[in-house]
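So the chains spell out like this:
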Amino acid sequence: MTSDCPKPIAARPSGPLTGRIRVPGDKSISHRALILGALTIGETTVHGLLEAEDVLATAAALRAMGADIERDAAGCWHIHGVGIGGLQTPGENVDLGNSGTGVRLLMGVVASHPITVRFTGDASLTKRPMGRVLDPLAQIGAEVEASDGGRLPLTLRGARDPMPVTYRLPVASAQVKSALLLAGLNTPGRTSVIETKPTRDHTERMFKAFGAEIAHSELDDGCVEISVTGFPVLSPQALHVPADPSSAAFAIVAALITKGSDLTIENVMINPTRNGLLTCLQEMGGDIALHDERDIGGERVADIQVRSSRLKAITVPPERAPSMIDEYPVLAVAAACAEGTTRMQGLEELRVKESDRLAAVADGLAVCGVRHRVSGDDLSVTGGPVPGGGPVATHLDHRIAMAFLVLGLASQNGVSVDDGTMIATSFPEFTHLMATLGADLAEVPEAAP
Ligand code: S3P
């Protein structure tokens, strides 16, 4: 699944972008739907599953551990689960490719099963820290043999007699929270996670939908404790996955920064733990309207209409980071086209994503002739005409590739990225869908624009 043969892509000045599109299903929800389906006895059906490499890797891992997972039509998947505690030791290494969410959530599941799994991943995933998940999982009784620095490849031996713990999250991470809550499903008593800052809550919502007992309580210090009671009886579900706001983000920013654009993205999830980018873009003066707000499968969705706008700089406070953690690369692109200097504060978590995204964004902005400054964990971007350039180094990071291609659409001379193959990890239709709106995006034999 790694990028053996890089595929440079170039974006040329484009616009207007017009039309209605539907972006693929939410990645976070798709991983969780497969995992909970695999832990439920009976048939769970998922409509609108994201069929991208990250999610397919999670499906393959669950199959290797005994779940029966089949696709019957585009986006429609059936999962025959083995029940809580029913997963088996796989016969081979479990390779999660580029997917941090897949590997961390599955490590949580395995930690309370009496099985042994050797996890591995691609050149990006094997550099990412796993200690943040392994530390709490060790407290419940899992044992690990990891590569240097607690990284992949690693062997996880799940606990035979897992113990319930209460764990205060040292980082604002939904992956760590979810790993521990998933471990709690096969652990007696109550497993609790204390969150100091709210992070995406799809695990909690989906636990409720499947019938697990999950409780929230506010503590004296303002933090929230989330607890799951072990050994619930889960009921199979028919789930509908809404469109991924993190994928919609690229089309939204593209429409704002290209002249004369007016487009609608249908059925996008607007969960408050995910919509920091929309808040920022509206504060910047973006013309964004939500139509036909409704509930689908326990999540709020809307059709989002976006028109070209003159954006103004803002300051993005650090407490907003968890609700838009994957959207900073594309917010930096919006900032490059805004009037004034946008300040984004508290970006330390960007350093441990698919790439060091703070460095990758700064380097890409430099290649494209955009004034910017990194100071500690803060990034400032000064807007103005964007000359463009390339190739921008993407470091096996899908969101760096898509963000800089969006910048190319509003630049003077276009932008190229060194490799677009990783876009398939989250949004395989990106180039095609953007082209249907009027974007000039194409593979190039060489990385120069
Ligand atoms: C995710 C949580 C976030 C996010 C990732 C998906 C999830 O990671 O960046 O793309 O589905 O739980 P962290 O939990 O590390 O912040």
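Just above sits the structure.
Residues numbered from 1 in each chain as written. Predicted model: local features only at pLDDT ≥ 70, side-chain atom pairs only at ≥ 80, totals over all residues. Heavy atoms only, no water.

Participant: Describe the overall build of the protein chain, with residues and values.
Facilitator: The number of helices and strands found in the protein chain is 12 helices and 24 strands. Relative to the compact-globule value of 22 Å for 449 residues, the protein chain shows a C-alpha radius of gyration of 21 Å, a close match. Residue burial in the protein chain is summarised as follows: out of 449 residues, 60% are buried. Of the roughly 15,900 Å² that the protein chain leaves accessible, carbon and sulfur atoms contribute 48%. Computed over 38 positive and 53 negative side-chain charges, the separation of the two mean positions in the protein chain equals 4 Å. (Helix = DSSP H or I, 4+ residues; strand = E, 2+ residues; numbered from the N terminus. Rg over C-alpha atoms; globule rule 2.2 N^0.38 Å. Buried < 20%, exposed > 50% of the residue type's maximum accessible area, 1.4 Å probe, protein only. Areas by Shrake-Rupley, 256 points an atom, 1.4 Å probe, with all protein chains shown as cover. Lys, Arg positive; Asp, Glu negative; His and termini not counted. Charge placed at Lys NZ, Arg CZ, Asp CG, Glu CD.)

Participant: Now, about the packing of helix H7 (residues 245-257) against helix H8 (residues 276-283): what can you tell me, with residues and values included?
Facilitator: Interaxial distance between H7 and H8 falls to 11 Å at its minimum, and their mutual angle equals 10 degrees. Compared by their axis directions, H7 and H8 come out roughly parallel. Side by side, H7 and H8 meet where Ala249, Ile252, Val253 and Leu256 of the first sit next to Leu277, Leu278 and Leu281 of the second. (Axes fitted to C-alpha atoms, helices over the stretch in contact; angles between N-to-C directions. Parallel < 35°, antiparallel > 145°, perpendicular 65-115°, else oblique. Contact = heavy atoms within 4.5 Å.)

Participant: Outline unusual backbone geometry, listing residues and values.
Facilitator: Each neighbour pair has its own omega, and for leucine 152 with proline 153 the value is -5 degrees, a cis peptide bond. Mapped onto the fold, proline 153 is located in strand E9 (residues 151-157). Residue proline 391 is bonded to the preceding glycine 390 through a cis peptide linkage, with omega at 0 degrees. Along the chain, proline 391 turns up in strand E22 (residues 389-392). Phi is positive for histidine 395, close to 50 degrees, though the residue is something other than glycine. Position of histidine 395 among the secondary structure elements: in the loop between E22 and helix H11 (398-409). Positive phi, close to 60 degrees, is recorded for leucine 396, a residue that is not glycine.

Participant: Let's hear about the nonpolar core: which residues, and what values?
Facilitator: Ranked by size, the top nonpolar core spans 76 residues in total, and within it Ile252, Leu281, Tyr328, Leu331, Met344, Phe430 and Met434 carry the most contacts. Among the elements that line this core, the one with the most residues is H7, at 10 residues. Ala183, Val193, Phe207 and Ile214 belong to the second largest nonpolar core, which has 66 residues in total. (Core = buried A, V, L, I, M, F, W, Y, C linked by side-chain atoms within 4.5 Å.)

Participant: Report on the environment of valine 381, specifying residues and quantitative values.
Facilitator: Counting through the fold element by element, valine 381 comes out in strand E21 (residues 378-382). You can call valine 381 buried: its relative accessible area is 0%. Separated by 176 residues in the primary sequence, valine 381 and arginine 205 place their C-alpha atoms 36 Å from one another. Setting aside its immediate chain neighbours within four residues, valine 381 contacts Ala332, Ala335, Ala336, Gly340, Thr341, Thr342, Met344, Leu365, Val370, Arg371 and His372.

Participant: Quick one: what's the story with the sheet that holds strand E1 (residues 9-12), residue by residue and with numbers?
Facilitator: Across the sheet, which stays open at both edges, the four strands sit in the order E22-E23-E1-E24 with mixed pairing between neighbours. Of all the strands in the sheet, just E22 and strand E24 (440-443) have a single pairing partner and so form its edges. The sheet shows a mean angle of 15 degrees between the axes of neighbouring strands, direction not considered. Bridge analysis of E1 against strand E23 (residues 415-417) gives three bridges, and the strand direction is antiparallel. When the sheet's bridge partners are listed, alanine 11 is paired in E23 with valine 415. (Pairing = 2+ DSSP bridges.)

Participant: Report on the sheet that holds strand E4 (residues 68-73), specifying residues and quantitative values.
Facilitator: Across the sheet, four strands lie side by side as E4-E5-E3-E14; this open sheet has mixed pairing. Each of the sheet's edge strands pairs with one partner strand only, and the pair in question is E4 and strand E14 (238-240). This sheet shows a mean twist of 20 degrees between the axes of neighbouring strands, independent of strand direction. Sheet topology note: the strand E3 (residues 42-47)/E14 ladder contains three bridges and is parallel. Across the sheet, residue valine 46 finds its bridge partner in E14, namely leucine 239. The strands touched by helix H1 (residues 27-38) are E3, E4, strand E5 (76-81) and E14; relative to E5, the strand with the most contacts, the crossing angle is about 35 degrees.

Participant: Mind laying out the pattern of salt bridges, listing which residues take part and the relevant values?
Facilitator: One pass over the structure, following the stated rule, counts 31 salt bridges. Among the salt bridges present, the one from aspartate 303 reaches arginine 20, with a minimum N-O distance of 3.8 Å. Residue aspartate 303 is located in strand E17 (residues 299-307), and its partner arginine 20 is located in strand E2 (residues 18-21); the two are separated by 283 residues in the primary sequence. A relative accessible area of 9% places aspartate 303 in the buried class. With relative accessibility at 54%, the residue arginine 20 sits in the exposed group. With a closest N to O distance of 2.6 Å, glutamate 145 and arginine 157 form a salt bridge. With glutamate 145 in strand E8 (residues 143-147) and arginine 157 in strand E9, this pair connects stretches of sequence that are 12 residues apart. With relative accessibility at 45%, the residue glutamate 145 sits in the partly exposed group. By relative accessible area, which is 31% here, arginine 157 ends up partly exposed. One salt-bridge network, held together by shared partners, links Arg128, Arg200, Asp326, Glu354, Arg357, Asp397 and Arg399. (Salt bridge = Lys/Arg side-chain N within 4 Å of Asp/Glu carboxyl O.)

Participant: Could you give me a rundown of the environment of leucine 182, with the residues and numbers involved?
Facilitator: Its location among the elements puts leucine 182 in helix H5 (residues 174-184). Sequence separation between leucine 182 and valine 253 is 71 residues; the distance between their C-alpha atoms is 35 Å. Residues in contact with leucine 182, not counting those within four places in the same chain, are Ile35, Leu36, Leu105, Gly108, Val109, Ser112 and Phe207.

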